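An overview of the molecular structure
Each chain is listed here by its residues.
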2 protein chains.
Amino acid sequence: MQRPLEHIKVLDFTRVLAGPYCTMLLADMGAEVIKIEKPGTGDDTRGFGPYQNNESGYFMFLNRGKKSIELNLKSNESIELLKELIKEADVVIENFRPGVMKKLGLDYENLKQLNPGIIYASISGFGQYGPYSARPAYDLVAQAMGGLASITGHPQQPPTRVGSSLGDMSAALYTAYGIMVALFHRQRTGEGQCIDVAMVDSIFSLLESNVMRYTIEGIVPERIGSRHPISSPFDIFKAQDGYIVIAVANDSLFKRLCSIMGRPELEQDERFCKDALRTKHVDELKLIIEDWLRAYTVEEAVEMMNNGGVPSSPILNIQEICEDDHIAVREMLVELEHPIAGKTKILGNPVKFSKTPAIINKPSPSLGEHTDEILSKYRKQGII
Amino acid sequence: MQRPLEHIKVLDFTRVLAGPYCTMLLADMGAEVIKIEKPGTGDDTRGFGPYQNNESGYFMFLNRGKKSIELNLKSNESIELLKELIKEADVVIENFRPGVMKKLGLDYENLKQLNPGIIYASISGFGQYGPYSARPAYDLVAQAMGGLASITGHPQQPPTRVGSSLGDMSAALYTAYGIMVALFHRQRTGEGQCIDVAMVDSIFSLLESNVMRYTIEGIVPERIGSRHPISSPFDIFKAQDGYIVIAVANDSLFKRLCSIMGRPELEQDERFCKDALRTKHVDELKLIIEDWLRAYTVEEAVEMMNNGGVPSSPILNIQEICEDDHIAVREMLVELEHPIAGKTKILGNPVKFSKTPAIINKPSPSLGEHTDEILSKYRKQGII
């Protein structure tokens, strides 16, 4: 079986999270990803925890199946060598601050002279053009400037960062889609091009209809906690030993909930008899539900809800979801054998292809592991 | 100029958010997306606000540039017609609950008999297989079960939903990448295949290194608000009239912050002189900074920080980011003329291609707008 990105060569200048996650999605599909790392230390994430036998789990996860070559981007010889590599590459990707690749003579305008079909992708905080282009990229800043922090969290509480680096991860996903679109276009026309993705734009795009609430109706969405904006009770509720989701999206589900709670009179209550009224009196309703829930554990409550036909779920913590059968059956945690770390468990690929599944069977490279392999050809030719 | 997905025909059975956002990303690139809608009412989102001249902004955003055909999936004639359409399609995509397409005789096993090259993508809450496959998909449940809610929010506060439907949006992004990988593979080999993406898996994958903190070190990450897990002060802080980000990632930036605050002695303070110590005493440090910030507006504080060389940004609300120059220059809000709604502003595409930019110039279709156009060929052939 041919892998979908077999024979696609990616020169990967990226570091830390957004770029490496994008090229991980390409490596999972069979691309040859050559990671250019700075001599001695390599990608910063080699020094990020969690550690297993002093190997970074952060690095092992993001860089599985890639090759590593140590190159000093400040040496002319390295730049000349890179230009040789670029002649044979299909994709170049970088996530430096805008302008850095140009200073190195490795911007798209230069590289397309060497390889007109090259696909050149850049990920940055604010994009290659625009008023804030030169600003440094932090995930927290992207979440804050992109509008998402302002609508995440509880009323009367501060704006809230999503608990993982969504600015990086969403930019990575958009770039993977962009690179695949560009590869498909090149396959049909021979044309290369460059692609520019900003973390702030990626976060902004995830706001979905919150944006049109402003552009169309002039409403500025605010933090409303975890509840549904229109339907109630559709929220996260406190039970005896933790929290549960109860998802009541219409009047007939509310009737079932009242029956489970042994409070049939609430269904007729003038504050709660219609969905719009329940949303108007959502705080009172939440107090009633949480008062009742105090007598039940999460497990008991979810079971009563589901038996009574009301959609409900626990809120799984990281341990609980990692140990859940769902994750095992869906191969969302993959065991890999790393020569130094030993057996590690890292995140799988969420796209399940019937014919060309993600193959995650090669560990992340040691720093410079493939330098000789990649350079030997050019040494033989006397180029370096 | 050929558009990258010109001549790619997508039969789109999806409704609401995840599926339509995925096919929007294909339509932006020139695919012919034919939206199959139920007669009379169509996609549920036609009835979702915000409204402009009674047209749904939610629907207009997600369905720009698509075609609409009204078909009753319960009629045999429609199913026969769909099979004709599928013979000429490149991609079929659906986000029903697992099993629904099979009941209709429209599952992959059936359709690949008609068109072996078809690419068949399914999006669901818990996937086409797995212990929870049959459960209904709600974004809140995906965020809760996928582990993200447990690490989003403030300590001593409840788990928190991300303020937009990230379960849907991330599944859409993964599916767009998956479909493009499958199209590329088919272009090189002729092989079709099916793709299965679950919202819970998509959310889980976004947890990035939080997962390895558990699988490798046995740590269960918890809610830590908006702060950085290792560096301090790197958080959201309250100023006089709102909140700001201050991003101090090392000791030299902390020295600058102390100077801006007129508190040089803090730099020598035994609680704060090293990053690890600052993180240990992060609550005390936050009180000191917010006490000082009480005298300054967001605008003043961000300016002082940036002038003093400390990375800082405001937290933009939805109005502020929508009106920001960045969004205008990056074309992240696009004006479209809709025949009934008139001029509307909807979200742009965050991937900026140099040669094949997203073209967003056709409004969303009215219900059944293209039924005659699409069916006339089959009527002439006497198939229906």
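Residue numbering note: each chain is counted from 1, following its sequence as written. By the order in which they are written, chains take letters starting at A while ligands take numbers starting at 1. Given that this is a predicted model, residues contribute local features only at a pLDDT of at least 70 and side-chain atom pairs are listed and counted only at 80 or more, while totals for whole chains, interfaces and linings are drawn from all residues. In computing side-chain values, all of the structure's heavy atoms are included and hydrogens and water are not.

Chain A carries the name CoA transferase in an unreviewed UniProt entry, which gives Neobacillus paridis as its organism.

Here we look at the relation of the copies chain A and chain B
Copy-to-copy alignment: least squares on C-alpha atoms, limited to residues at pLDDT 70 or above in both. With an axial shift of 0.0 Å and an RMSD of 0.0 Å, the rotation relating chain A to chain B amounts to 180°. The transformation relating the two chain copies, once decomposed into turn and shift, fits a two-fold axis. In terms of proximity to the rotation axis, the leading residue of chain A is Tyr177 of chain A, whose C-alpha is 2.3 Å off the axis. It only takes one pair of heavy atoms within 4.5 Å for two residues to be counted as in contact. Same-surface contact between copies: 99% of interface residues of chain A are shared with the interface of chain B.

Considering the sheet that holds strand 10 (residues 242–247) of chain A
Residues and elements named next belong to chain A. Pairing within the open sheet is antiparallel, and its 3 strands lie in the order 9-10-11. The sheet is open, and its two borders are formed by strand 9 (234–239) and strand 11 (312–314), each paired with just one other strand. Neighbour to neighbour, the strand axes of the sheet diverge by 25° on average, direction disregarded. As paired strands, strand 9 and strand 10 are joined by 6 bridges and run antiparallel to one another. When the bridges of strand 10 are listed, Phe234 appears paired with Ala247. Pairing between two strands is assigned when DSSP locates at least 2 bridges connecting them. Each helix is a run of H or I in the DSSP string that is no shorter than four residues. Each strand is a run of E no shorter than two, and both are numbered from the N terminus. Whenever a helix is involved, its axis is fitted only over the stretch in contact; in every case the axis is a line through C-alpha atoms, and angles between N-to-C directions fall within 0 to 180 degrees.

Notes on the nonpolar core
Here, nonpolar core refers to any group of buried Ala, Val, Leu, Ile, Met, Phe, Trp, Tyr and Cys residues whose side-chain atoms link them within 4.5 Å. Burial status follows relative accessibility: with a 1.4 Å probe on protein chains alone, a residue under 20% of its type maximum counts as buried, one over 50% as exposed, and anything between as partly exposed. One finds Phe204 of chain A together with Phe204 of chain B to be the most contacted residues of the largest nonpolar core, which totals 162 residues. Residues within four places of Phe204 of chain A in sequence aside, it is in contact with Gly146 and Val211 of chain A together with Ile321, Cys322, Ile327, Met332, Leu333 and Leu347 of chain B.

With respect to the domain arrangement of chain A
Each domain's limits were defined by an automated method or a database of domain assignments. By domain assignment, chain A separates into domain 1 (9–206 + 325–380) and domain 2 (234–316). Distance from the C-alpha centre of domain 1 of chain A to the C-alpha centre of domain 2 of chain A: 44 Å.

Some thoughts on the interface of chain A and chain B
Many descriptions give the size of an interface as the accessible area lost when the pieces come together. At the interface, 130 residues of chain A touch 129 residues of chain B. Contact between chain A and chain B buries roughly 12100 Å² in total, counting both sides, with carbon and sulfur atoms accounting for 69%. The three residues of chain A that bury the most area against chain B are Tyr177, Phe184 and Ile318 of chain A, which together make up 7% of that side's buried surface. Any Lys or Arg side-chain nitrogen located within 4 Å of an Asp or Glu carboxyl oxygen qualifies as a salt bridge. Remark: the boundary between chain A and chain B carries 4 salt bridges. Residue Asp201 of chain A pairs with Arg330 of chain B through a salt bridge whose shortest N-O separation is 2.9 Å. When residues in the side of chain A that touches chain B are grouped by element, the largest group, 16 residues, is from helix 7 (residues 166–189) of chain A. Along the lines of polarity and charge, the residues of the side of chain A that touches chain B split into 74 nonpolar, 37 polar and 19 charged. Inspection of the sheet shows strand 14 (residues 352–353) of chain A paired to strand 8 (residues 193–198) of chain B by 2 bridges, in the antiparallel sense. Across the sheet, residue Phe353 of chain A finds its bridge partner in strand 8 of chain B, namely Ile195 of chain B. Simply put, the buried area is the total loss of 1.4 Å probe accessible area from both parts when two parts are fitted together. Any residue that is not Ala, Val, Leu, Ile, Met, Phe, Trp, Tyr, Cys, Pro, Asp, Glu, Lys or Arg is counted as polar, Gly included; the first ten are nonpolar and the last four charged.

Remarks on unusual backbone geometry
Residues and elements named next belong to chain A. Here the bond from Gly49 into Pro50 is cis, since omega is -5°, no more than 30 degrees from zero. Omega for the peptide link from Ser232 to Pro233 comes to -10°, which places this bond in the cis form. Secondary-structure assignment places Pro233 in the loop between helix 9 (209–217) and strand 9. Its identity as a non-glycine residue notwithstanding, Asn54 has a phi of 70°, on the positive side. For Asn54, the position within the fold is in the loop between strand 3 (51–52) and strand 4 (55–56). By relative accessible area, which is 70% here, Asn54 ends up exposed.

Observations concerning the packing of helix 7 of chain A against helix 7 (residues 166–189) of chain B
Two numbers describe how helix 7 of chain A lies on helix 7 of chain B: the axes approach to 9 Å, and their chain directions differ by 25°. Comparing the axis directions of helix 7 of chain A and helix 7 of chain B gives the class roughly parallel. Both helix 7 of chain A and helix 7 of chain B take part in a crossing whose hand is left-handed. Side by side, helix 7 of chain A and helix 7 of chain B meet where Leu166, Leu173, Tyr174, Ala176, Tyr177, Met180, Val181, Leu183, Phe184, Gln187 and Arg188 of chain A of the first sit next to Leu166, Leu173, Tyr174, Ala176, Tyr177, Met180, Val181, Leu183, Phe184, Gln187 and Arg188 of chain B of the second. The residue inventory of the contact of helix 7 of chain A with helix 7 of chain B, partitioned by class, reads 18 nonpolar, 2 polar and 2 charged. Our angle categories are set so that under 35 degrees counts as roughly parallel, over 145 as roughly antiparallel, 65 to 115 as roughly perpendicular, and the remainder as oblique. Helix crossings get a hand from a simple test, with the near helix turned counterclockwise from the far one by less than a right angle marking a left-handed crossing and a clockwise turn marking a right-handed one.

Considerations on the pairing of strand 13 (residues 342–347) of chain A
Residue and element names in this part refer to chain A. Relative to strand 13, strand 12 (residues 333–338) runs antiparallel, the two being bridged by 6 bridges. Following the sheet pairing, Glu337 is matched in strand 13 by Lys343. The antiparallel hairpin formed by strand 12 and strand 13 contains 3 residues in its connecting segment.

Let's talk about the sheet that holds strand 2 (residues 32–37) of chain A
Taken in spatial order, the 7 strands of this open sheet run 5(A)-2(A)-1(A)-6(A)-7(A)-8(A)-14(B), and their pairing is mixed. Sheet topology places strand 5 (67–70) of chain A together with strand 14 (351–353) of chain B at the edges, where each strand pairs with a single neighbour. Put simply, the sheet's adjacent strands are angled 20° from each other on average, direction ignored. When strand 7 (residues 119–124) of chain A meets strand 8 (residues 193–198) of chain A, the two strands line up parallel, connected through 6 bridges. Among the inter-strand pairings, Ser124 of chain A is bridged to a residue of strand 8 of chain A, identified as Ala198 of chain A.

A short note on the environment of Lys66 of chain A
Residue and element names in this part refer to chain A. By the secondary structure assignment, Lys66 is in the loop between helix 2 (57–62) and strand 5. Here Lys66 falls in the buried class, since its relative accessible area comes to 3%. Measuring from C-alpha to C-alpha, the distance between Lys66 and His370 comes to 9.6 Å, with 304 residues separating the pair along the chain. Discounting chain neighbours no more than four positions away, the residues touching Lys66 are Asp12, Pro20, Thr23, Met24, Ala27, Val33, Pro365 and His370.

A short note on the pattern of salt bridges
Using the criterion set out here, one finds 49 salt bridges over all chains in the structure. A salt bridge links Lys286 of chain A to Asp235 of chain A; the nearest nitrogen and oxygen atoms lie 3.0 Å apart. In this pair, Lys286 of chain A sits in helix 12 (residues 282–293) while Asp235 of chain A sits in strand 9, placing the two residues 51 residues apart along the sequence. On the accessibility criterion, Asp235 of chain A (6% relative accessible area) is buried. As a salt-bridge pair, Asp251 of chain B and Arg278 of chain B come within 2.9 Å of each other at their nearest N and O atoms. On the criterion of sequence distance, the pair formed by Asp251 of chain B in helix 10 (residues 251–260) and Arg278 of chain B in helix 11 (residues 275–280) is long-range, its members being 27 residues apart. With a relative accessible area of 0%, Arg278 of chain B lands in the buried category. When salt bridges that share partners are traced, they join Asp251, Lys274, Asp275 and Arg278 of chain A into one network.

Considering the packing of aromatic side chains
Note on aromatic pairs: the rings of Phe, Tyr and Trp (six-membered ring only in Trp) are paired at centre separations within 6.5 Å, and the planes decide the class, stacked below 30 degrees, edge-to-face beyond 60, tilted for the rest. Taken as a whole, this structure holds 12 aromatic pairs over all chains when the rule is applied. On the numbers, 5.9 Å between centres and 55° between planes, the contact of Tyr108 of chain B with Tyr120 of chain B is tilted. Linking Tyr108 of chain B in helix 5 (residues 108–114) with Tyr120 of chain B in strand 7 (residues 119–124), this pair joins segments that are 12 residues apart in sequence. Pair check on accessibility: Tyr108 of chain B and Tyr120 of chain B agree, each one buried. By definition, being over a ring means that NZ of Lys or CZ of Arg is both within 6 Å of the ring centre and within 35 degrees of the ring normal. Over the face of the ring belonging to Phe254 of chain A we find Arg278 of chain A, whose NZ or CZ atom lies 4.4 Å from the ring centre. Across from the ring centre of Phe237 of chain B, 5.6 Å away, lies the NZ or CZ of Lys286 of chain B, which sits over that ring.

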